[in-house]
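Each chain, letter by letter, is given below.
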Amino acid sequence: MRVLLVGAGGVGTAVTRIAARRPFFELMVVADYDPARAETAVAALGADGDRFRAERVDAGDEAQVTALLERHGCDVLLNATDPRFVMPLFRAARAGGAAYLDMAMSLSRPHGERPHEECGVKLGDEQFAQAAEWEEAELLALVGMGVEPGLSDVFARYAADELFDEIEEIGVRDGANLTVDGYDFAPSFSIWTTIEECLNPPVVYEKDRGWYTTEPFSEPEVFDFPEGIGPVECVNVEHEEVLLVPRWVDARRVTFKYGLGREFTDTLRTLHLLGLDRTEPVTVPGPDGPVKVSPRDVVAACLPDPATLGDRMRGKTCAGTWVRGTKDGAPREVYLYHVVDNQWSMSEYGCQAVVWQTAVNPVVALELLATGAWSGAGVLGPEAFPAGPFLDLLTGYGSPWGLREQ
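Bear in mind the structure is a predicted one, so any value in this text is a computation, not a measurement.

Right, let's get into the overall build of the chain. Helix and strand content of the chain: 14 helices and 20 strands. Relative to the compact-globule value of 22 Å for 406 residues, the chain shows a C-alpha radius of gyration of 20 Å, a close match. In terms of principal-axis extent, the alpha carbons of the chain reach across some 60 × 55 × 45 Å. For the chain, the proportion of its 406 residues judged to be buried stands at 56%. Sequence-distant contacts in the chain: of pairs separated by 6 or more residues, those separated by 24 or more amount to 70%. For the chain, the accessible surface area stands at approximately 16,400 Å², while carbon and sulfur atoms represent 48% of it.

Structure (structure tokens):
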């Protein structure tokens, strides 16, 4: 397998460090708009970096990405950029005859008149609209293959296949007790992506109603997370699992709730109130005259890079899927989860917990594709594949998952 990894930020760098320990690929080309970032990621691998090459690429330039795929003979494109670049990279992979993996799907657009009741353009709609072309080309686009979405979807498939006869509800629940020394507000993941998923109308799925939306931060609940994290208030946010799980798993209701905490949600509400969550450029004075800038990009530039916070971080992060239903005629409720301790991920890989947890899952998926344990064509989510091989291999990577009866 020859892989083109686009994006050498925190998650992309973690991908290289995890993949360097595995023998399943021949070459990984690490490409970024900033060539220094790609070169730094490869150089950090030392003697393990023989199978890696650094390149510069503009993720928004489809022709440039396709040419890079062809020049290195890559048969897979792994997208580790932010969601703005999903569609150009998705199209470039198909044009270059390569399989495609991402960790976040094409962007949504709220309903023009009833944004908190009806869906407009949903997450992933643009990608699923091209499913027939991918099938005809006999190419696979494995979408939403990070941790959430990704591992959480694998858990949903495992629950349906192994743990339940009928499922009432699948609820992805994400929480952490991470703190960052020296910062009052320092998100552990891309603030650009966090704003996008937290301030857009959340989507809920109900079998009798289909997909619908609610207001941001709706339906608060306290969820008790395992391994010492404890109770965290979780709220509805927009996330891909709600759009993916019902396509392959039979459940009466699907939700995603994020354990943000009151201070974090208040900060996001303030950004929205001030218009600082907007992506459309505004004109501001500059030393050489007026310039156009995106308010959200300014917010991101004012905050520390999450990939650099590992040494200041303390605590654990948990991604998991709560499932309620019946087995053998009796009610059952479980939480399948994956916890990463920041101290462990920093000492073992030099990566903070959130980006490492995101990065390990596409690497596991690549290995399953390379060995033939997973295969397919079209635009498919993680739920379209058997869960057992993935969970076994994740444990083999030294990062076991857990199951708690509720």
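It is worth spelling out the nonpolar core at this point. One finds Met 28, Val 30, Phe 52, Leu 101, Ile 170, Trp 374 and Phe 390 to be the most contacted residues of the largest nonpolar core, which totals 92 residues. Residue contributions to this core peak at eleven residues, all from helix α13 (residues 353-371). What Leu 101 contacts, discounting residues up to four positions off in sequence, is Val 76, Leu 77, Leu 78, Asn 79, Leu 142, Met 145, Pro 362, Ala 365, Leu 366 and Leu 369.

Another point: the pairing of strand β13 (residues 253-258). With six of six residues buried, β13 is to be regarded as a mostly interior element. Alternating positions in β13 separate into two faces, Arg 253, Thr 255 and Lys 257 on one and Val 254, Phe 256 and Tyr 258 on the other, with burial throughout. Bridge count between strand β7 (residues 166-176) and β13: six bridges; the pairing is parallel. Within the sheet, the bridge partner assigned to Gly 171 lies in β13 and is Thr 255. Where strand β9 (residues 203-206) meets β13, two bridges bridge the pair, whose relative direction is antiparallel. Paired with Tyr 205 across the bridge in β13 is Val 254. Taken together, the two bridges between strand β12 (residues 230-236) and β13 define a ladder with antiparallel strand orientation. Bridge pairing in β13 places Asn 236 opposite Lys 257.

Further remarks concern a nonpolar patch on the surface. Taken together, the side chains of Leu 273, Leu 274 and Leu 276 define a hydrophobic patch exposed on the protein surface, amounting to about 320 Å² of accessible area. Along the polypeptide, Leu 274 turns up in the loop between α10 (262-273) and β14 (282-284). In this structure Leu 274 comes out as exposed when scored by relative accessible area, which is 57%.

Further remarks concern the packing of aromatic side chains. Under the criterion given, the structure shown has 20 aromatic pairs. Grouping aromatic residues by their ring pairs yields a cluster made of Phe 223, Phe 225, Tyr 335 and Tyr 337. For the cation-ring pair, Arg 21 lies above Tyr 349, with the distance from its terminal atom to the ring centre recorded as 3.9 Å.

Let us now look at the sheet that holds strand β6 (residues 140-142). Ordered by their spatial adjacency, seven strands build an open sheet running β3-β2-β1-β4-β5-β6-β19, and the pairing between neighbours is parallel. The outermost strands of the open sheet, each flanked by one partner alone, are β3 (52-56) and β19 (378-380). This sheet shows a mean twist of 20° between the axes of neighbouring strands, independent of strand direction. Alignment of β6 against β19, held across three bridges, turns out to be parallel. Its bridge partner being in β19, Leu 140 is matched across the sheet by Gly 378. Sitting on the sheet, helix α2 (residues 35-43) touches β2 (27-32) and β3, and the angle it makes with β3 is about 170°.

Turning next to the pattern of salt bridges. Under the counting rule described, the total for this entry stands at 27 salt bridges. Two residues, Arg 324 and Glu 169, come together in a salt bridge whose shortest N-O distance is 3.4 Å. Pair noted here: Arg 324 is in strand β17 (residues 316-327) and Glu 169 is in strand β7, with a separation of 155 residues, a long-range link. Exposure remark for Glu 169: the relative accessible area of 8% places this residue in the buried category. Each of Glu 169, Arg 173, Glu 206, Glu 219, Glu 221, Arg 253, Lys 257 and Arg 324 takes part in a single network of salt bridges with overlapping partners.

Among the secondary structure elements, Gly 402 is positioned in strand β20 (residues 402-405). Separated by 64 residues in sequence, Gly 402 and His 338 place their C-alpha atoms 6.2 Å apart. Leave out the neighbours within four places in its chain, and Gly 402 touches Tyr 335, Leu 336 and Tyr 337.

For the rest of this paragraph, the subject is the pairing of β7. Counting buried residues along β7, eight of its eleven residues qualify, which places the element largely inside the surrounding structure. Note: β7 against β17, ten bridges, orientation antiparallel. Looking across to β17, one finds that Gly 175 is bridged to Cys 318.

Time to look at the side chain of Ser 345. Note on placement: Ser 345 falls in helix α12 (residues 342-349). For Ser 345, a relative accessible area of 0% translates into the label buried. One polar contact links the side chain of Ser 345 to the main-chain carbonyl oxygen of Cys 351, over a distance of 2.8 Å. In terms of polar contacts, Ser 345 uses its side chain to reach the backbone amide nitrogen of Ala 353, at 3.3 Å. Once residues within four sequence positions are removed from consideration, Ser 345 is found in contact with Val 340, Gly 350, Cys 351, Gln 352, Ala 353 and Trp 356.

Below, the discussion takes up helix α3 (residues 62-72). The complete set of buried residues in α3 reads Val 65, Thr 66, Leu 68, Leu 69 and His 72. Buried residues of α3, viewed axially, fall in a sector of 160°; they line one side. Exposed residues lying more than 90 degrees from the buried face of α3 are Ala 63, Glu 70 and Arg 71. Turning to α3, the residues buried within the fold contact β1 (2-6), β2, β3, β4 (76-79) and α4 (86-95). With a side-chain oxygen lying 3.3 Å from the backbone nitrogen of Ala 63, the N-terminal cap of α3 falls on Asp 61. In the segment just after α3, Gly 73 is the residue with positive phi, at about 65°.

Quick notes on the rules
For every chain, the first residue of its written sequence is number 1, and the numbers climb from 1 along that sequence. Since the coordinates come from a predicted model, pLDDT governs what is reported: local features require at least 70, and pairs of side-chain atoms require 80 or more to be given and counted, while whole-chain, interface and lining totals use all residues. Remark: hydrogens and water are excluded; side-chain values derive from all non-hydrogen atoms of the structure. Runs of H or I in DSSP of at least four residues are treated as helices and runs of E of at least two as strands, each being numbered from the N terminus. Two things to know: the radius of gyration comes from C-alpha atoms, and the globule rule equals 2.2 Å times the number of residues to the power 0.38. Buried means the residue's accessible area, taken with a 1.4 Å probe over protein chains only, is under 20% of the maximum for its type, while exposed means over 50%, and partly exposed covers the values in between. Throughout, a contact is declared for two residues whenever any of their heavy atoms are within 4.5 Å. Every accessible area reported is derived by Shrake-Rupley at a probe size of 1.4 Å, with residue values counting cover from the shown protein chains alone. Side-chain atoms within 4.5 Å are what join buried Ala, Val, Leu, Ile, Met, Phe, Trp, Tyr and Cys residues into a set we call a nonpolar core. Strand pairing is assigned whenever DSSP identifies at least 2 bridges connecting the two strands. Patches draw on residues past 30% relative accessible area with no salt bridge. Two like charges within 9 Å are joined, as are two nonpolar side chains (Val, Leu, Ile, Met, Phe, Trp, Tyr) within 5 Å. Salt bridges are identified by distance alone: a Lys or Arg side-chain nitrogen within 4 Å of an Asp or Glu carboxyl oxygen. Note on ring pairs: Phe, Tyr and Trp rings are taken, using the six-membered ring of Trp, and paired if centres are within 6.5 Å. Classes follow the plane angle, with under 30 degrees stacked, over 60 edge-to-face and the rest tilted. Only lysine NZ and arginine CZ atoms are considered, and such an atom sits over a ring when it is within 6 Å of the ring centre and within 35 degrees of the ring normal. Here the axes come from fitting lines to C-alpha atoms, over the contacting stretch only for helices, and the angles between their N-to-C directions go from 0 to 180 degrees. Think of a polar contact as two N or O atoms within 3.5 Å of one another; within protein, one of them needs to be a possible hydrogen donor and the other a possible acceptor, and neighboring residues in sequence only count if both atoms come from side chains. Directions drawn from the helix axis to the C-beta atoms are what define this arc.

Just geometry here; none of it tells us what the structure is for.
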